[in-house]
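What follows is each chain in one-letter form.
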Amino acid sequence: TDTTTYTQGSYASRTTYIAGNAVRDGAQQVKQQLLEVASEAVGAPAEDLDIVQGVISGKGHQGDDSITVAEAANRALYRRGGRPISAMGTWDPPSVLQDSERYGNESGAYNFCSHAVEVEVDRETGQFTILKYVAASDAGTVVFPIGAEGQVEGAMAQGIGYAVTEDMIIEGGRPVGANFADYRIPCIKDMPPLTHVFVPSYEPTGPMGAKGIGEIGLDPVAPAIASAIHDAVGVRIKSLPITAEKILGALEAQRES
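For the structure given in this document, a descriptive report is provided here. (Residues numbered from 1 in each chain as written. Predicted model: local features only at pLDDT ≥ 70, side-chain atom pairs only at ≥ 80, totals over all residues. Heavy atoms only, no water.)

### Regarding the sheet that holds strand 4 (residues 112-121)
Operational definition: For two strands to be treated as a pair, DSSP must find at least two bridges joining them. Here a helix means four or more residues in a row that DSSP labels H or I, a strand means two or more in a row labelled E, and each is numbered from the N terminus. Fitted lines through C-alpha atoms give the axes, limited to the stretch in contact for helices. The angle between two N-to-C directions lies from 0 to 180 degrees. The contact criterion used throughout is that any non-hydrogen atoms of two residues lie within 4.5 Å.
Taken in spatial order, the three strands line up as 4-5-8 in an open sheet, and their pairing is mixed. Single-partner strands in this sheet number two, and they are strand 4 and strand 8 (194-198). Direction aside, the axes of adjacent strands within the sheet are offset by 10° on average. With five bridges connecting them, strand 5 (residues 128-138) and strand 8 associate as parallel partners. Within strand 8, the position partnered with A135 by the bridge is H196. Across the sheet, helix 3 (residues 145-165) touches strand 4, strand 5 and strand 8, and the angle it forms with strand 5 is around 140°. Across the sheet, helix 4 (residues 221-233) lies against strand 4 and strand 5, angled at about 40° from strand 4, the strand it touches most.

Structure follows, in structure tokens:
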């Protein structure tokens, strides 16, 4: 913090969105530098060259003269006044800073999702089981599929813990359960069958059509579970974690009313 400039952070699930556009900007600059070096080597204008599979040659593969990207990079470096091929890419998203009432627009693109949960509830005990969890996410073009899938599945697991098992009890300003024996997060045995799909879409302002995927896998989990329980037995639990005791208490109050 002594040497870096101020930043508000990469919140709003927009790291891929912003950093990806900055990477694209830097890559375009690097490409242009490589084409200019190759132009000298093959004797053709830079605008008539293209890079295909690491080889720089005429567009449409016209002409026999070509040079590899590695050769162009070496040529730029090992000559009088040479320098490495390098660039600094930047991108400023079309955002609006928050005002004094916290109204603004912190990102130029937003992701969307939909979650559905199937539960089974025992009316006699309040115990419930998540039988199946299904989710769909709109993250634009998914540029890193396995990472994006892991992001969503991990968020769903985190959300299930937040909704069902995790309880932070504070007494005298201190947490009572200060370890994972008392603050229980889900393990693999606690996870229901998960199904997730990405909805095809393209964000025109994003890098190759991409948007973010950071937070939306977590946000709907608790309300989706609460809504499934309400649909099953007609009681709405409004505090977390959702426990059998709370469901049973709500069912008894429902019967007495």
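Back to the write-up after that little detour.
### Points about the packing of aromatic side chains
Aromatic ring pairs: the centre-centre distance and the angle between the two ring planes describe each pair. Applied cut-off: Aromatic contacts are taken between Phe, Tyr and Trp rings whose centres are within 6.5 Å, Trp giving its six-membered ring; a plane angle under 30 degrees counts as stacked, one over 60 as edge-to-face, and the others as tilted. Using a 1.4 Å probe on the protein chains alone, a residue whose accessible area is under 20% of its type maximum counts as buried, one over 50% counts as exposed, and one in between counts as partly exposed.
For the coordinates displayed, the defined rule picks out one aromatic pair. Taking the centre distance of 5.1 Å and the plane angle of 85° together, the rings of Y17 and W91 count as edge-to-face. Taken together, the residues Y17 in helix 1 (residues 15-42) and W91 in the loop between helix 2 (69-77) and strand 4 connect sequence positions 74 residues apart. Residue classification places W91 among the partly exposed residues on the basis of a relative accessible area of 28%.

### Some words on the sheet that holds strand 3 (residues 66-68)
Taken together, the three strands give an open sheet; going across it, the order is 1-2-3, and neighbouring strands pair in antiparallel fashion. Two strands lie at the open edges of the sheet, namely strand 1 (49-52) and strand 3, each paired on one side alone. Adjacent strand axes in the sheet meet at a mean angle of 25°, parallel and antiparallel pairs treated alike. Here four bridges tie strand 1 to strand 2 (residues 55-58), and the two strands are oriented antiparallel to one another. Within strand 2, the position partnered with I51 by the bridge is I56. Strands strand 1, strand 2 and strand 3 of the sheet are contacted by helix 1, whose axis makes an angle of about 115° with strand 1. Contacting strand 1, strand 2 and strand 3, helix 2 runs over the sheet at an angle of about 80° to strand 3.

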